[in-house]
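What follows is each chain in one-letter form.
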Amino acid sequence: MKLYNLKDHTEQVSFAQAVQQGLGKNQGLFFPQLLPKFTASEIDSLLKLDFVTRSAKILSAFIGNEINDDDLLRLVGNAFQFPAPVKAVTDDIGTLELYHGPTLAFKDFGGRFMAQALVQVAADKQITILTATSGDTGAAVAHAFYHLPNIRVVILYPEGKISPLQEKLFCTLGDNIHTIAIKSDFDACQSLVKQAFDDEELKTKIGLNSANSINISRLLAQICYYFEAYAQLTPKQREQLVISVPSGNFGDLTAGLLAKTMGLPIKRFIAATNANDTVPRYLDTGKWQPHQTVATLSNAMDVSQPNNWPRIEEIYRRESWVLSSLAHGAVSDDETKVAVQELDAQGYLSEPHGAIAYRVLRDQLQDGEYGLFLGTAHPAKFKEVVEAILHKTIPLPEALAARENMTLLSHHMPNDFAQLRDFLLALHW
Ligand SMILES: Cc1ncc(COP(=O)(O)O)c(C=O)c1O
């Protein structure tokens, strides 16, 4: 597989390089040189396969001979160990539940495949993944790399500023997962990570690598669940399928559009955002004018400069699609609350991110169409918010309940790079 840097097309890398490097020069995103296509009959055959076998074939179409088919099947099998079921919500709307993995969010698909791919392409190299989290990414990364050989993970998070349940989810694992509560805020954690990456000596000594969210391996993995959704629909539902994607950094939507470029017959995508509506305004006016990011109930989508957007523009350019045909909508917090209540009244327990996608979908769905919205997180992950909206108690799923009373294993540190450096150098394999 060859990929080019969107900021400098002369920088070209293999899949192995893209996975290990994350970003190209000038922070440019990598994009596949070849967009593989399946014929209608190939798609039909793919849809008959089970999730893991089908996903390995989809990924192989991109990755090519850099990973052989048997290895790829094993990696996908290790990564995708949980289902992505479509549940009916109304007669013409369903949801694709992407939150049945260990950290209860769609990030488990991309994170776990990236971990498997990294171990595969890095061969026997020892790697230290250093990352900062405000809660959710840390959990997905920690669980994805847990117990993997030759890899250790160090996660920095702001002490007292993530929810107690989020902390329990990834700070109780031990083994190759090291967590450090920094006596400061998330920005300080991120800046410590940056300082570490600027320290060439440290980088080489400990084999520093990032588990960056814009890593191409994550995106490719996410393509697979759009096929999985389609495979579960009836022929009638497939005829005019509209998919609404709750969007923040626009990775999920990028993956959906890539599924369409491969030939999956999706009539229309909807980009659904919260009040951080840079993209909906851009699609309406043609002007890219990010505002200051505002805090909303769907906090994981509080992004005003979505970092995957250049990939979406590139897909439209390469496929000669018209960007204005991308359906879109922005939803306020009040509308989000109403959407969560409306879904609950229909017997479906949701949370703010999925509810935003539902709201725009139900506003825009036309007669004869079937709509799917992505359920990107388990409602219990946003327990406090959902309980306040619905005035009822949300039970904890097993993954959270099992860790609720475990002891936290985190180290504690001031916001001091010298101390972090010493800590990293003192880690033993
Ligand atoms: C629960 C949830 N929903 C939706 C999103 C948005 O996904 P994307 O950033 O790929 O647009 C995120 C992103 O972090 C998320 O955590």
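Above: the structure in question.
Residues numbered from 1 in each chain as written. Predicted model: local features only at pLDDT ≥ 70, side-chain atom pairs only at ≥ 80, totals over all residues. Heavy atoms only, no water.

Things to note about the site of the ligand
Taken together, the neighbourhood of the ligand is formed by 14 residues, with G248, N249, F250, D252 and T376 sitting nearest. In this structure, a nitrogen atom belonging to the ligand sits 2.7 Å away from a side-chain N or O atom of T376. If the ligand stood free it would expose 390 Å²; the protein chains cover 93% of that surface. Classifying every residue of the shell around the ligand gives six nonpolar, six polar and two charged. (Near = heavy atom within 4 Å. Polar contact = N/O pair within 3.5 Å; in protein donor to acceptor, adjacent residues only side chain to side chain. Areas by Shrake-Rupley, 256 points an atom, 1.4 Å probe, with all protein chains shown as cover. Nonpolar A, V, L, I, M, F, W, Y, C, P; charged D, E, K, R; others polar.)

Side note on the pairing of strand 10 (residues 241–246)
Within strand 10, six of the six residues are buried, which leaves it mostly tucked inside the rest of the structure. Taken together, the five bridges between strand 10 and strand 11 (residues 268–273) define a ladder with parallel strand orientation. Note on strand 11: the bridge partner recorded for V242 is R268. Taken together, strand 10, helix 12 (residues 251–261) and strand 11 constitute a β-α-β crossover, and its handedness is right-handed. (Buried < 20%, exposed > 50% of the residue type's maximum accessible area, 1.4 Å probe, protein only. Helix = DSSP H or I, 4+ residues; strand = E, 2+ residues; numbered from the N terminus. Pairing = 2+ DSSP bridges. Right-handed = clockwise from strand over helix to strand, strands pointing away.)

Describing the packing of aromatic side chains
Tallying each qualifying case throughout the model produces 16 aromatic pairs. A centroid spacing of 6.0 Å and a plane angle of 25° characterise the contact between W288 and W309, whose relative ring orientation is stacked. With W288 in the loop between helix 13 (278–285) and helix 14 (309–319) and W309 in helix 14, this residue pair connects regions lying 21 residues apart in the sequence. Arranged with centres 5.3 Å apart and planes meeting at 80°, the rings of Y316 and W321 form a pair that is edge-to-face. Given the relative accessible area of 7%, Y316 is considered buried. Owing to a relative accessible area of 25%, W321 belongs among the partly exposed residues under this scheme. Through successive ring pairs, a cluster of aromatic residues spans F51, F80, F82, F109, Y225, Y226 and F269. In this structure, R152 packs its charged tip against the face of W429, placed 3.9 Å from the ring centre. Between K260 and the ring centre of W321, over which it is positioned, the NZ or CZ distance is 5.7 Å. (Phe/Tyr/Trp six-rings, centres within 6.5 Å; stacked < 30°, edge-to-face > 60°. Lys NZ or Arg CZ within 6 Å of the ring centre and 35° of its normal.)

Some details on the sheet that holds strand 3 (residues 30–32)
Taken in spatial order, the three strands make up an open sheet running 2-1-3, and their pairing is antiparallel. Strands at the two margins of the open sheet, each flanked by one partner only, are strand 2 (8–14) and strand 3. Each neighbouring strand pair of the sheet contributes to a mean axis angle of 40°, computed without reference to strand direction. Direction of pairing for strand 1 (residues 2–5) relative to strand 3: antiparallel, over a ladder of three bridges. Among the inter-strand pairings, N5 is bridged to a residue of strand 3, identified as F30. On the sheet, helix 14 packs against strand 1, strand 2 and strand 3 and is oriented at approximately 30° with respect to strand 3. (Axes fitted to C-alpha atoms, helices over the stretch in contact; angles between N-to-C directions. Contact = heavy atoms within 4.5 Å.)

Brief notes about the packing of helix 6 (residues 136–145) against helix 7 (residues 164–171)
Packed helix pairs are characterised by how far apart their axes lie and by the angle those axes make with each other. For the pair helix 6 and helix 7, interaxial distance at closest approach is 8 Å and the crossing angle is 20°. As judged from the angle between their axes, helix 6 and helix 7 are roughly parallel. Handedness of the crossing formed by helix 6 with helix 7: left-handed. Within the contact between the two elements, helix 6 uses D136, G138, A139, A142 and H143 and helix 7 uses Q166, L169 and F170. Looking at the contact of helix 6 with helix 7, its residues break down into four nonpolar, three polar and one charged. (Parallel < 35°, antiparallel > 145°, perpendicular 65-115°, else oblique. Left-handed = near helix turned anticlockwise from the far one by under 90°.)

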